[in-house]
There are 2 protein chains.
Amino acid sequence: MTGTLSVPQIREQRGIRMVTMKEVAEAAGVSIATVSRVLNGKDRGRIKPEIAREIKRIAKDLGYRPNLVARNLKTRSSRILGFISDEIATTPFAGRIMLGAQDAARELGYILLTVNTGNDPDLERRQIGIVRQYGADGFLYAMMYHRKVDIPEQLDDLPVVLVDAEDRAGARPSICPDEYGIGYTATRRLLDAGCRRIAYFGADVPIVAQSERLAGYRAALDESPIGYDDRLVLAIDEHDVYGDVPRLFDECRPDGVFCFNDVRAHLAYREADRLGLTVGRDLSVVGVDNQPFIAGILSPALTSVELPHYEMGYWSVRKLISLIERTGDSALPEPSIAEGGPSLLADLNLMLPAGIHAPLPSLTQDRAQVSCVLVEKDSVAPASQG
Amino acid sequence: MTGTLSVPQIREQRGIRMVTMKEVAEAAGVSIATVSRVLNGKDRGRIKPEIAREIKRIAKDLGYRPNLVARNLKTRSSRILGFISDEIATTPFAGRIMLGAQDAARELGYILLTVNTGNDPDLERRQIGIVRQYGADGFLYAMMYHRKVDIPEQLDDLPVVLVDAEDRAGARPSICPDEYGIGYTATRRLLDAGCRRIAYFGADVPIVAQSERLAGYRAALDESPIGYDDRLVLAIDEHDVYGDVPRLFDECRPDGVFCFNDVRAHLAYREADRLGLTVGRDLSVVGVDNQPFIAGILSPALTSVELPHYEMGYWSVRKLISLIERTGDSALPEPSIAEGGPSLLADLNLMLPAGIHAPLPSLTQDRAQVSCVLVEKDSVAPASQG
DNA sequence: CTGAAAGCGCTTACAG
DNA sequence: CTGAAAGCGCTTACAG
């Protein structure tokens, strides 16, 4: 039976021993206080430069790495951020929130303790408790679609930033996609393409994304000579494969469609097929999500608005850290633009885009919105000149 | 300027103070040693039961929660697992690996420190170093598609389990989907449906998944009276929208297609359309991934083999913990079957399935494979009797 | 310029 | 049955 060994015994047996500050101090012939000062850059004018240099050299040679557990116990700052999500990991895009959060955290010397609540309040409470026990300096509270939420009181004494959600109490900073802008931009693009009868294929669920995208669509039309016509607006249940789409096409003959998401855009392609229209010429279509999967299926390729998941994750961590450290925007190092390299998976059409594609809001904002990028493919007619 | 406050000062100012063991001890009129014993369940026959009860009551009333940073420093076991992934978060399915890992970790009292390497070896090295400094007891090394990898030497002295990857050196335990089984099962299903000319729409990239699924497909055919015919096998570049598919259909008239993934299955639907065949009757199609997105688009709904991402994440954590604690399979509590509840997002077709759907391999295995479930929809003709 | 000492909040031999 | 003490590996006033 090896079952009687304790974890430290096992570590010992396996030879897991980190070099400690004490060993560095001994090798350098100084006190650990001196080593600590040098290695933490607090030696300016306090420790003889040649000694400092020697200590650094020895620490490096010995492969010394500070034990963060010990440091955290002493300093009560863990540089750990709790990343609480509902079911984010099960949605195909939202991994990018985590990716953006991880990148920003790494750049600023923080790390993420991630935890999933599956929308179970009791589980959430327990999980938050545990992350707190690990000393998290603050929390990211990431939802998988744009909605209003209540932050558990448990977090009242800690900085929190919401991602793709808004604090119902209005007390916490948050970042969301500019849903209104999505509808507006997409519709403007269709107007520029010369479309005169632009339909909206909406979602039939009551979420912020739906109502705001519709509002943006409507605003663009209201501003235009064409105006808004509610006969062109549909709330579509994706499972109801036929629904009202054919009737809308037969009655109104739209020449442009703004779709709540890429999946719904597919319905426009199907109608084009049925009616002998060519997408990108007779019928222009704009989706939302810019899903590579769908791109692999639809032909011509779908012009679609990309949601700024990476950017939201990235911004939210920077905001959170600015709160934790009580510093302003300017105190944090510049964002380094993260770029995704090429990947084998691109060939399998499995990759979702990551990296910063849209300008980030200032960290001074408390209810930030990220604008979304319309990715041009071939499903919208070229913009008419002037 | 508030920038002069240190993090502990800020915490103080915000009133972030956890109840300590010392306070519990004082309130109970005992020593902290006694409190520690009671709260860690080491009081059997060592502390008077009524005192123990009293201490527990007081701890609860005071809302005492042990400071894990302090405990970890002392015990040198952090119950933190490093979750290293390449670009997993950018692929739509693989969040489920993390979800399964998180669920298993939670059930066993561990937590995940997640870090992304973006396939950059230098970044990987640094990130692993940091997670080690936080005292991780072991590492999960998760890749986003099945391949052979080298584990960095940095991890030589710590337990590691690979997810959706195999250790080239053969030294580390790993878990992967049973790719061969996928090809075999899908092809058998098509044979049972009475198909006589079954094509394989493969991928044109050299990954384990491709060659093994093909091998399984071939084995099923070799076993059958029909036999294998390489004219029915295609390596398809998803971006090359036309490719060899139409020629294959014209020349061989397949009545069944096993597709490397759901996106490629779409090509079979398109051919059916072109040739006036009804999918699910004249032409049976099986995909892999069971992507809800694609399901929302293809009609009739696609029968597809689901990859066991959740299961792999779940198993790998249990395996890792059994290594860390040097316990066998039986020492860990039974897996609780995780079930995903209903969700608004299901209406948006955004959810990927999570939870345990396939039997988990025993923890004694070192190169585990999870079998994959074929999810029946409507794209395959009913199995013929007998 | 440098070190001895206290202490962060725990756990655990050791002694009684 | 219980407590005093040492110690995990750091940081940081304090003293010199």
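It should be emphasised that the depicted structure is a prediction, and the values quoted were computed from it without experimental measurement. (Residues numbered from 1 in each chain as written. Chains lettered and ligands numbered in written order. Predicted model: local features only at pLDDT ≥ 70, side-chain atom pairs only at ≥ 80, totals over all residues. Heavy atoms only, no water.)

## Examining the overall build of chain A
Helix and strand content of chain A: 14 helices and twelve strands. When each of the 386 residues of chain A is scored for burial, the buried share is 56%. Put simply, of all contacts in chain A between residues at least 6 apart along the chain, 69% involve residues at least 24 apart. Just so you have it, chain A exposes about 16000 Å², and 50% of that area is on carbon and sulfur atoms. (Helix = DSSP H or I, 4+ residues; strand = E, 2+ residues; numbered from the N terminus. Buried < 20%, exposed > 50% of the residue type's maximum accessible area, 1.4 Å probe, protein only. Contact = heavy atoms within 4.5 Å. Areas by Shrake-Rupley, 256 points an atom, 1.4 Å probe, with all protein chains shown as cover.)

## With respect to the nonpolar core
Ranked by internal contacts, the top residues of the largest apolar core, which has 106 residues, are Phe201(A), Val285(A), Phe201(B) and Val285(B). Once residues lying within four places of it in the same chain are set aside, the contact partners of Val285(B) are Leu190(B), Val257(B), Cys259(B), Ala265(B), Ala268(B), Tyr269(B), Val279(B), Leu302(B), Thr303(B), Ser379(B) and Val380(B). In this structure, Tyr110(B), Val163(B), Tyr310(B) and Leu332(B) belong to the second largest nonpolar core, which totals 63 residues. (Core = buried A, V, L, I, M, F, W, Y, C linked by side-chain atoms within 4.5 Å.)

## A closer look at the sheet that holds strand E3 (residues 138–149) of chain A
Spatially, twelve strands are ordered E11(A)-E5(A)-E4(A)-E3(A)-E1(A)-E2(A)-E2(B)-E1(B)-E3(B)-E4(B)-E5(B)-E11(B) in an open sheet, and the strand pairing comes out mixed. The open sheet terminates on both sides in strands that have one partner only, identified here as strand E11 (367–370) of chain A together with strand E11 (367–370) of chain B. Strand-to-strand twist across the sheet, computed as the mean angle between neighbouring axes with direction ignored, equals 25°. Direction of pairing for strand E5 (residues 174–177) of chain A relative to E11(A): parallel, over a ladder of four bridges. Bridge assignment links Cys176(A) to a residue of E11(A), and that residue is Gln369(A). (Pairing = 2+ DSSP bridges. Axes fitted to C-alpha atoms, helices over the stretch in contact; angles between N-to-C directions.)

## Notes on the environment of Val233(A)
Residues and elements named next belong to chain A. Assignment of secondary structure puts Val233 in strand E7 (residues 233–236). With 31 residues separating them along the chain, Val233 and Gly202 place their C-alpha atoms 7.2 Å apart. Those residues in contact with Val233, other than ones at most four positions away along the chain, are Tyr200, Leu214, Tyr217 and Tyr228.

## Things to note about the packing of helix H3 (residues 32–39) of chain A against helix H4 (residues 49–62) of chain A
Residue and element names in this part refer to chain A. It is at 10 Å that the axes of H3 and H4 come closest, and there the two elements cross at 90°. The angle between H3 and H4 falls in the class roughly perpendicular. Residues Thr34, Val35, Val38 and Leu39 of H3 touch H4, and the partners they reach there are Ala52, Ile55, Lys56 and Ala59. Split into classes, the residues belonging to the contact of H3 with H4 amount to six nonpolar, one polar and one charged. (Parallel < 35°, antiparallel > 145°, perpendicular 65-115°, else oblique. Nonpolar A, V, L, I, M, F, W, Y, C, P; charged D, E, K, R; others polar.)

## Description of the packing of aromatic side chains
All names here are of chain B. By the definition in use, this model includes ten aromatic pairs over all chains. Between the aromatic rings of Tyr200 and Phe258, the centroid separation amounts to 5.2 Å while the plane-to-plane angle is 20°, which identifies the pairing as stacked. Within this pair, whereas Tyr200 is found in strand E6 (residues 198–203), its partner Phe258 is found in strand E8 (residues 256–259), the two being separated by 58 residues in sequence. Of the two residues, Tyr200 and Phe258, both sit in the buried class. (Phe/Tyr/Trp six-rings, centres within 6.5 Å; stacked < 30°, edge-to-face > 60°.)

## Considerations on the protein's contact with DNA strand C
Surrounding DNA strand C, one finds 29 residues, the nearest of these being Thr34(A), Arg37(A), Arg76(A), Ser36(B) and Arg37(B). Taking the atoms of DNA strand C that fall within 4 Å of the protein, sugar and phosphate contribute 59% of them. Asn40(B) is positioned such that a nitrogen or oxygen atom in its side chain is 3.0 Å from a phosphate oxygen of DNA strand C. When contributions to the surface near DNA strand C are tallied by element, the ones reaching two or more residues are H3 and helix H5 (68–75) of chain A together with helix H3 (32–39) and helix H5 (68–75) of chain B. Along the lines of polarity and charge, the residues of the surface near DNA strand C split into eleven nonpolar, eight polar and ten charged. (Near = heavy atom within 4 Å. Polar contact = N/O pair within 3.5 Å; in protein donor to acceptor, adjacent residues only side chain to side chain.)

## With respect to the environment of Gly256(A)
Residue and element names in this part refer to chain A. Within the fold, Gly256 resides in strand E8 (residues 256–259). Gly256 gets classed as buried once you look at its relative accessible area, which sits at 0%. When near neighbours in sequence (up to four residues on either side) are disregarded, Gly256 contacts Leu190, Cys195, Arg197, Ile198, Ala199, Leu283 and Ser284.

## Details of helix H13 (residues 309–324) of chain B
With 16 residues, H13(B) should cover 22 Å at 1.5 Å per step; its first-to-last C-alpha distance of 23 Å lies within 8% of that length. The buried count for H13(B) comes to 15 of 16 residues, which makes it a mostly enclosed element. (Expected span 1.5 Å × (residues − 1).)

## Side note on the protein's contact with DNA strand D
Close contacts around DNA strand D come from 29 residues, with Ser36(A), Arg37(A), Lys42(A), Arg37(B) and Arg76(B) the closest. Looking at DNA strand D alone, sugar and phosphate atoms form 59% of those within 4 Å of the protein. With respect to DNA strand D, the backbone of Lys48(B) contributes an N or O atom lying 2.7 Å from a phosphate oxygen. The residue makeup of the surface near DNA strand D, split by class, is eleven nonpolar, eight polar and ten charged.

## Points about the pairing of E8(A)
Note on strand geometry: in a regular strand, side chains alternate between the two faces of the sheet. All names here are of chain A. Judged by which residues are buried, E8 turns out to be covered on both faces: Gly256 and Phe258 on one side and Val257 and Cys259 on the other are all buried. Sheet topology places strand E6 (residues 198–203) next to E8; four bridges connect them, and they run parallel. Bridging from a neighbouring strand, Ala199 pairs with Val257 of E8. Both E8 and strand E9 (residues 284–288) contribute to a ladder of three bridges, which runs parallel. Across the sheet, the residue bridging to Phe258 is Val286, located in E9. Running through helix H11 (residues 262–275), the crossover from E8 to the neighbouring parallel element E9 is right-handed. (Right-handed = clockwise from strand over helix to strand, strands pointing away.)

## So, the sheet that holds E8(B)
Residues and elements named next belong to chain B. The six strands are arranged E7-E6-E8-E9-E10-E12 in an open sheet whose pairing can be described as mixed. Looking at which strands have only one partner, the edges of the open sheet turn out to be strand E7 (233–236) and strand E12 (373–375). Strand-to-strand twist across the sheet, computed as the mean angle between neighbouring axes with direction ignored, equals 20°. Here helix H9 (residues 208–223) sits on the sheet in contact with E6, E7, E8 and strand E9 (284–288), set at roughly 170° to E6. Along the sheet face, helix H10 (residues 245–252) touches E6, E7 and E8 and points at about 165° away from the line of E6.

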